[in-house]
Amino acid sequence: MKDITFGQYFPAKSFVHSLNASVKILLTIAFIVAVFLVNQYYFLGFALCFLFILITTAFAKIPFTKLLSSVRAVVFIVVFSAVLQVFFNKTGKVVFSWRFIKITDAGVYTAIYITVRILLIVIGASLLTYTTSPVEIADGLEFLLYPLKVIRFPVHEFALIMSIALRFIPTLMNETGRIIKAQKARGADFESGNIFKRAKALIPVLIPLLISAFRRADELADAMDARCYAGSKKRTKYKKATFSFRDAIGFITLGGLIAGVVLLNGFFGVIV
Amino acid sequence: MRYSCKNFVFLIYYLYSQIANAFDEKGGLMALIELKNVSFSYDKKTDAIKNLSLSIERGEKVAVIGHNGSGKSTLAKLFNALIKPDGGSVIVDGFSSDKKEDLFEIRKRVGVVFQNPENQLVASIVEDDVAFGPENLGIEREEIGKRIDFALKSVDMEDFRFRSPERLSGGQKQRIAIAGVLALKPEVLVLDEATSMLDPKGRKEILGIAEKLNREQGTTIINITHYIEEIVGYKKIFLLKDGELVFCGTPEETFKKVDLIESCGLILPRATQIANKLKRNGIPLPDGILTEERLLVELCKLK
């Protein structure tokens, strides 16, 4: 339970850490766009994206093994979608067939393509969460969502809800582990039976978890009230987001990446 | 010149309002926290607090003891204006929890640390959490920074400023929770069973910090607890039973009321229990033995 590191902050003092959070969120979105721009049949764009990730990781002073551990959380989805593509994609030449199973070259291509794409996106997104604390992400989002205030969207409340949710993920995860152990000690069986039986076995875990989450929410609300919380009215911020020259460098680098990807696509004569 | 004149008028007005706040309607000097005939009910059927009156002076160190369901935690929320009394009044430093505009004045003055340290921390970084209170008050950035320094120093957690509270021990988390309250510069620190989820070491740390704050900064301490041995050294003890104040006195006086304490479902400290049993068997020991050290000294005096 505890080794899902996706979305965990890795504190360090680095160039990437010091970038403005809203900028980093925009850059992450831009990175995802770049990954999507890569043409289906020429993977060189992916290589460029991967190079970008490696360089960013080095600059962020994050151990490269961290990248692998972020991927672990999505292995199932990746394998699942790849398998779907391999077995059910019927376009292209058939390269292998046995009884009713037909595997086409297009299917294999697409499977690899999708796998690389998902992995790159997950790694890119987790680079954001490794180098930006949840609070900074929430603040960054608050800044980016600020224009929505015009249509009376509760931006501050939304950001606070997000940061509290992030803050309680590890707490609730520990709690889940504890409840599972407690129920096992009472003879609950989570390992045997088919998938429906196992899903049903989780009910005695989910209900106590839900109840305790509500209790926590109640207590947290009291504690926040006790500390004079009154919504966004006349509230100040201790950590002020500042923009600097570094952020411009970030934008330029990512602009370069997108341009590179588009150029590589064009270089092979196929425009997306 | 015009500005200083204006400031002077404000100063006079401020002093006047402060002095006026310090007296009640009859002109008597008021305590820092004053509860008068307070009653409160969660479900409108049974009263969690029944007709309770008490007063706590500035700089005092008092304890509220009682069994589960005696209304202790309700009392903590009343002190802090988290709940409004159904009947009677709660006055803190001249501010009444009945008035909406006074709520934040009360909450600024009375900081509450709750039982579960985990459920009081809002942020994922220690300094952000400590900053939460001052941010709510609309305090300037630089001042917030100073308050974080001060608060973390008061609980000896300066080294953890940039860490995540996730990996801290229960006692350390509770210290951060205290720091979060201290950043509001409260006059009163209420510990609402703040030690009950901690190991003995954590408990000692928290009580030590409360002690230090009281001694060095003159913070009023209200320790709400069911560990009766914690009340040693406190000035005043309030004993609660079923929402009623059944006794108020010094720790020594409290420990003499053996039957009353036991009828409240509380357990006397071991040293007191042993002393009482010895006395019943004819060994001449004085009243009010609270600690094992004291029992030892008294036993050695015997011939």
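The paragraphs below set out a description of the structure included in this document. (Residues numbered from 1 in each chain as written. Chains lettered and ligands numbered in written order. Predicted model: local features only at pLDDT ≥ 70, side-chain atom pairs only at ≥ 80, totals over all residues. Heavy atoms only, no water.)

**What about the overall build of chain A?**
Now for step 1: Broken down by element type, chain A carries ten helices and two strands.
Now for step 2: Along its sequence from the N terminus, chain A presents helices and strands in the succession α-α-α-α-β-β-α-α-α-α-α-α.
Now for step 3: Along the longest, intermediate and shortest principal axes, the C-alpha atoms of chain A span 65 × 60 × 40 Å.
Now for step 4: Buried residues in chain A amount to 39% of all 272 residues.
Now for step 5: Residue pairs in contact within chain A that sit at least 24 positions apart in sequence constitute 72% of those at least 6 positions apart.
Now for step 6: Accessible surface, chain A as shown: approximately 15900 Å² in total, 72% of it carbon and sulfur.
Now for step 7: The centroid of the 31 positive side-chain charges in chain A is displaced by 6 Å from the centroid of its 14 negative side-chain charges. (Helix = DSSP H or I, 4+ residues; strand = E, 2+ residues; numbered from the N terminus. Buried < 20%, exposed > 50% of the residue type's maximum accessible area, 1.4 Å probe, protein only. Contact = heavy atoms within 4.5 Å. Areas by Shrake-Rupley, 256 points an atom, 1.4 Å probe, with all protein chains shown as cover. Lys, Arg positive; Asp, Glu negative; His and termini not counted. Charge placed at Lys NZ, Arg CZ, Asp CG, Glu CD.)

**Quick look at the nonpolar core**
All names here are of chain B.
Now for step 1: Val113, Val130, Leu152, Ile176, Ile178, Leu189 and Leu191 are the most contacted members of the largest nonpolar core, which has 49 residues in total.
Now for step 2: Secondary structure elements with two or more residues in this core: β3 (61-65), α4 (126-136), α5 (141-154), α6 (170-182), β7 (188-192), α7 (200-217), β9 (236-241) and α9 (258-263).
Now for step 3: In terms of residue count, α6 provides more of this core than any other element does, six residues in total. (Core = buried A, V, L, I, M, F, W, Y, C linked by side-chain atoms within 4.5 Å.)

**Concerning the interface of chain B and chain A**
Now for step 1: Taken residue by residue, the interface counts 38 residues in chain B and 30 residues in chain A.
Now for step 2: Both sides of the chain B and chain A interface together cover about 3100 Å² of buried area, and 53% of this is carbon and sulfur.
Now for step 3: Our count for the contact surface shared by chain B and chain A stands at 16 residue pairs in polar contact (both at pLDDT 80 or more).
Now for step 4: At the level of elements, α3 (103-109), α4, α5 and α6 of chain B are the ones that each hand at least two residues to the side of chain B that touches chain A.
Now for step 5: Per-element accounting of the side of chain B that touches chain A gives the leading share, ten residues, to α4 of chain B.
Now for step 6: The residue inventory of the side of chain B that touches chain A, partitioned by class, reads 17 nonpolar, ten polar and eleven charged. (Buried area = accessible area lost by both parts, 1.4 Å probe. Polar contact = N/O pair within 3.5 Å; in protein donor to acceptor, adjacent residues only side chain to side chain. Nonpolar A, V, L, I, M, F, W, Y, C, P; charged D, E, K, R; others polar.)

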